[in-house]
Amino acid sequence: QVSSPSGEGTDAVVILEKTPFQEEKVLELLKKHTKLELQMRNDIYTETPPVLNFSLSEEIKTTVVYPATEKHLQKYLRQEVHLIRETWEDYKNITLPFIQAQSFSIQWVYNILEKKAEADRIIHENPDPGNGFVLVPDFKWNQNQLDDLYLIALIHRREVKSLRDLTAEHLPLLRNILQEGKEAVAKRFGVPASQLRIYLHYQPSYYHLHVHFTALGYDAPGSSVERAHLLADVIDNLETDSAYYQTRALTFALRADELLFKKFQEAGRV
Ligand code: M7G
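Reading the values: the criteria
- Residues numbered from 1 in each chain as written.
- Predicted model: local features only at pLDDT ≥ 70, side-chain atom pairs only at ≥ 80, totals over all residues.
- Heavy atoms only, no water.
- Helix = DSSP H or I, 4+ residues; strand = E, 2+ residues; numbered from the N terminus.
- Polar contact = N/O pair within 3.5 Å; in protein donor to acceptor, adjacent residues only side chain to side chain.
- Contact = heavy atoms within 4.5 Å.
- UniProt positions renumbered as here; feature names shortened; annotations may be inferred.
- Phe/Tyr/Trp six-rings, centres within 6.5 Å; stacked < 30°, edge-to-face > 60°.
- Buried < 20%, exposed > 50% of the residue type's maximum accessible area, 1.4 Å probe, protein only.
- Lys NZ or Arg CZ within 6 Å of the ring centre and 35° of its normal.
- 1 Å grid on protein atoms, 1.4 Å probe; cavity = no way out; pocket = protein on both sides within 12 Å on 5 of 7 lines; lining within 4 Å.
- Points joined across faces, edges and corners; volume = space filled by probe spheres on them.
- Nonpolar A, V, L, I, M, F, W, Y, C, P; charged D, E, K, R; others polar.
- Domains from an automatic or database assignment.

## Section: the side chain of H208
With respect to the element layout, H208 can be found in the loop between strand 11 (196-201) and strand 12 (210-215). At a separation of 2.7 Å, a polar atom in the side chain of H208 contacts the main-chain carbonyl oxygen of I155. Those residues in contact with H208 that sit more than four places away from it in its chain are I106, V109, Y110, L113, I155, R157, R158, V160 and K161.

In structure tokens, the structure reads:
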């Protein structure tokens, strides 16, 4: 909670993340701690207890959400999770009405698309209103090292909420993101397409279609099988069947305190 001058409290979310080690720093640290205590040894494997006095002060990245809504607070609190298998009927009867009723603002997306925010960070843009997009570094990446490279492509079209809305009509747009996105990342960061994980989330947190680009060697949050859908596979599926995402069941995890989970519970689907 943050107190205003009037003494009133407003919630804030402060996210602290340890950034990947930088090679030179690791060497420095190991030189400093030459006498590490032994905790376990088995054959060629040895473990030491965690060392508390490593200097990590410069290795922590901070993200602040302020003022934070109830949904932001929920998102970051630890909670029990459950797997949902959403049929197309479930989507129409439960998920879609939920998305339409909720008001998780996507103003930040519009600000990027309209160059009102982060304009100087744009890596690539295809300005076509139907098949274009903007590629920017994700919030989660501080751009200091390529190990945890993370970019997002935001589409210019505004009516495509998620994977569930995609049909063959969107193939040119998706192909542009895949092709131009790969080229832009290779050109700017020198990371080849073979080392990129390019995918969509289902469910996403923000219902304006976007594509994640992360370094293959980075275990990015949300890259697990119950959430990530590789863009190349999405394109293939739509080429095979334009209604693929309007017929198939999709799996995702929901936290027990999420409103959408409660809606699935009320409908007797969990
Ligand atoms: P998502 O799949 O909707 O949900 O992805 P997730 O946040 O649960 O992964 C949205 C992505 O947009 C995430 O990777 C966020 O880190 C990123 N993101 C969110 N915001 C509010 C911003 C922002 O203001 N700027 C940028 N550059 N990225 C953001």
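## Some thoughts on the UniProt feature "active site" (unreviewed entry) in the protein chain
UniProt records the feature "active site" (unreviewed entry) at H210, using the numbering of this structure. Here H210 is to be found in strand 12. If we ignore the near neighbours within four places in the chain, the residues touching H210 are A153, L154, L200 and P204.

## What to know about the packing of aromatic side chains
Under the counting rule described, the total for this entry stands at six aromatic pairs. When the centroid spacing of 5.1 Å and the interplanar angle of 80° are considered together, the rings of W108 and Y206 count as edge-to-face. Residue W108 is located in helix 4 (residues 107-113), and its partner Y206 is located in the loop between strand 11 and strand 12; the two are separated by 98 residues in the primary sequence. Residue classification places W108 among the partly exposed residues on the basis of a relative accessible area of 29%. An aromatic cluster of three or more residues is present, and its members are Y202, F252 and F264. R158 extends its terminal NZ or CZ atom over the ring of Y110, reaching a point 4.0 Å from the ring centre.

## Digging into the layout of surface pockets
There is about 1700 Å³ of room inside the largest pocket. Around the largest pocket, the lining is made up of 50 residues, and of these K75, Y76, S205, Y206 and R227 lie nearest the centre. If you list the elements that add at least two residues to the lining of the largest pocket, you get strand 3 (13-18), strand 6 (60-65), helix 2 (70-76), helix 4, strand 9 (133-137), strand 12 and strand 14 (250-255). The element best represented in the lining of the largest pocket is helix 2, accounting for five residues. In terms of residue class, the lining of the largest pocket is built from 24 nonpolar, 14 polar and twelve charged. Both domains that meet at the lining of the largest pocket, namely domain 1 (2-75) and domain 2 (78-267), each give it at least three residues.

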